[in-house]
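Topology and contacts: notes
One-letter residues, chain by chain:
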Amino acid sequence: MKKIYSQRCCHDKSNLPPTASLPIVDMSSDISQRLRQSKNAQWICGLAIIFSIALSSSAFLVPTEQLVYLVLTNLGLLIHAWFRKARLTPLLKLFAIQSVMTVGLYFLFYGSDRVIEAMIVVLRIILVMLPSWWLASTQTAQHMSQILCLLLPNKWAFVITTSIKLLPFITQEVRDIYHIQCLRGAHIAPKNLVNPFNWAELIRCVLFPLLIQLLSLSKHIAKSAQQRHFDKHSKHTHWPLH
């Protein structure tokens, strides 16, 4: 019986694949490679933060004759964000609504003499917002937080990073609230907003719910940070690498 059992065991072992064919993963090299990639991403994120701050500041500092250069630069940012799978439609709709409201208010209070000035103001506001949106759409939260922690206290870095990453959420939230209010029969369609008397309904039906939603979201974020003991440690980690 022992002889038969040993023969069976030898026969089963002969069918096993050789141990040399099994893949061997070097975890140390993989971790070092990921850390190297994270360091490179941090440098790129730092340059992106400096570039976006300089570009947003230039929107109000450069003279009107040189705004065309900023427009071309921001168009390049839009194309880059589009290649990174960022959603452009909600942003363009937000800019369109803002343009209609700003130009309409200028026309209502000052007449047609200052419409060109109103369009320049709208253009400058768009040029201020676009770099921040591009930064939020192309950079990760942990890399932005790591860079900002080198310059600011941890709490300020957390607040700024969260605010920047909320920009795409805000555009999506505006879109959802707008569609829901339109389905409820609010007179806030583009053809209704031609009449300035409907702008108060737009503020009441879209902007006020958006403000309440953002306040509720900020409360939940603060509570989540407290439950993770964010304010009890001087040095914070950044997921997935630190």
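The following paragraphs examine the structure supplied in this document. (Residues numbered from 1 in each chain as written. Predicted model: local features only at pLDDT ≥ 70, side-chain atom pairs only at ≥ 80, totals over all residues. Heavy atoms only, no water.)

1. With respect to the overall build of the chain
In terms of helices and strands, the chain carries nine helices and zero strands. The buried share of the chain, reckoned over its 242 residues, is 31%. A separation of at least 24 residues holds for 72% of the contacts in the chain among residues at least 6 apart in sequence. Carbon and sulfur atoms provide 67% of the accessible area of the chain, an area that totals close to 17,000 Å². (Helix = DSSP H or I, 4+ residues; strand = E, 2+ residues; numbered from the N terminus. Buried < 20%, exposed > 50% of the residue type's maximum accessible area, 1.4 Å probe, protein only. Contact = heavy atoms within 4.5 Å. Areas by Shrake-Rupley, 256 points an atom, 1.4 Å probe, with all protein chains shown as cover.)

2. Comments concerning the packing of aromatic side chains
One pass over the structure, following the stated rule, counts three aromatic pairs. Their ring planes at 80° and their centres at 6.1 Å tell us that Phe51 and Trp134 sit as a pair that is edge-to-face. Of this pair, Phe51 sits in helix 2 (residues 27-61) while Trp134 sits in helix 5 (residues 115-138), and the two are 83 residues apart along the sequence. The ring of Tyr110 is capped by Arg114, whose NZ or CZ atom sits 4.2 Å from the centre of that ring. (Phe/Tyr/Trp six-rings, centres within 6.5 Å; stacked < 30°, edge-to-face > 60°. Lys NZ or Arg CZ within 6 Å of the ring centre and 35° of its normal.)

3. As for the environment of Ser145
Topologically, Ser145 is positioned in helix 6 (residues 141-149). For Ser145, a relative accessible area of 13% gives the class buried. Once the C-alpha coordinates of Ser145 and Ile160 are considered, the two residues, 15 residues apart in sequence, prove to be 8.3 Å apart.

4. Concerning helix 6
Burial analysis of helix 6 places seven of its nine residues in the buried class, which makes it a mostly covered element. Taken as a whole, helix 6 has its buried residues at Gln142, His143, Met144, Ser145, Gln146, Ile147 and Leu148.

5. A closer look at unusual backbone geometry
One non-glycine residue with positive phi stands out, namely Lys85, at about 70°. The residue Lys85 is located in the loop between helix 3 (67-83) and helix 4 (89-110) in this model.

6. Side note on the pattern of salt bridges
Between side chains of opposite charge, a pair can form when the charged atoms approach closely. Within the structure shown, the criterion is met by one salt bridge. With its nearest N and O atoms 2.9 Å apart, the salt bridge here joins Arg114 to Glu117. Residue class for Arg114 comes out partly exposed when judged on its relative accessible area of 28%. (Salt bridge = Lys/Arg side-chain N within 4 Å of Asp/Glu carboxyl O.)

7. Re the nonpolar core
Where a protein is soluble and globular, its nonpolar side chains tend to be buried together. Counting 25 residues, the largest nonpolar core has Leu130, Trp133, Trp134 and Leu135 as the members making the most contacts within it. Secondary-structure elements contributing two or more residues to this core are helix 2, helix 3, helix 4, helix 5 and helix 6. Considering each element in turn, this core owes the most residues, eight residues, to helix 5. Apart from the residues lying within four places of it in its own chain, the contact partners of Leu130 are Asn74, Leu78, Leu91 and Phe95. Within the second largest apolar cluster, twelve residues are counted, among which are Ile177, Ala186, Ala189 and Leu193. (Core = buried A, V, L, I, M, F, W, Y, C linked by side-chain atoms within 4.5 Å.)

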